[in-house]
Amino acid sequence: MMLFVIAGTREIIRAGGTHSSQVRHCPQCGQPMRFRDATRRTYLTLFFIPILPLGAGRDGLACDGCNTWIAPEAYRLGGMETV
Ligand SMILES: [Zn+2]
């Protein structure tokens, strides 16, 4: 009997409903966008379905346009200028 298991990992971004008040330049879109609070977490996947969270999630911001996740240090240290 042969059994194939396709396992991997996938990062999932869960955006909250809270918008930051500032508009920032998104490094991905290159546009001034609003950002939401968002948590990024890595999941173990089986057959491309997320099964198990691996480690703790990381809080950050997600772009409203392209959903790119931004690490806290990126926007706190001035990597993203506000508009
Ligand atoms: Zn964007």
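Structure first, text after, so check above.
Read on for an overview of the structure. Computed from a predicted structure; not experimentally measured.

Here we look at the overall build of the protein
Helix and strand counts for the protein come out as one helix and four strands. Taken from the N to the C terminus, the helices and strands of the protein come in the order β-β-β-β-α. Taking 83 residues into account, the globule formula puts the C-alpha radius of gyration at 12 Å, and the protein, at 16 Å, lies well above it. The principal-axis extents of the C-alpha atoms in the protein amount to approximately 60 × 25 × 25 Å. Looking at the protein as a whole, 13% of its 83 residues qualify as buried. Partitioning the intrachain contacts of the protein with sequence separation of at least 6 by distance along the chain shows that 57% fall at a separation of at least 24.

Focus on the pairing of strand β2 (residues 32–46)
In this structure, β2 lies alongside strand β3 (residues 49–63), joined through eleven bridges in antiparallel fashion. Residue pairing across strands places D37 opposite L61, the latter belonging to β3. Hairpin remark: β2 followed by β3, antiparallel, with two residues in the connecting loop; positive phi at F47, about 55°.

Some points on the environment of C29
Here C29 lies in the loop between β1 (7–25) and β2. Residue class for C29 comes out partly exposed when judged on the 13 C-beta atoms lying within 10 Å of it. Along the sequence, C29 and C66 sit 37 residues apart, while their C-alpha atoms lie 6.9 Å from each other. Ignoring any residue separated from it by four or fewer positions in sequence, one finds C29 in contact with C63, G65 and C66.

Analysis parameters
- The residue numbers shown here count from 1 along each chain, following its written sequence.
- It should be noted that, the model being predicted, local features are given only for residues of pLDDT at least 70 and side-chain atom pairs only at 80 or more, the latter also being counted only at that level, while totals for whole chains, interfaces and linings use all residues.
- Note on conventions: DSSP H or I runs of at least 4 residues are helices, E runs of at least 2 residues are strands, and numbering of each starts at the N terminus.
- In this description the radius of gyration comes from C-alpha coordinates, and the expected globular size is given by 2.2 Å times residues to the power 0.38.
- Exposure criterion: with C-beta atoms placed from backbone coordinates, a residue whose C-beta has 20 or more other C-beta atoms within 10 Å is buried, one with 12 or fewer is exposed, and one in between is partly exposed.
- For every residue pair, C-beta atoms are placed from the backbone, and the pair is scored as a contact if these atoms sit within 7 Å.
- Two strands pair under a simple rule: DSSP has to find at least two bridges between them.

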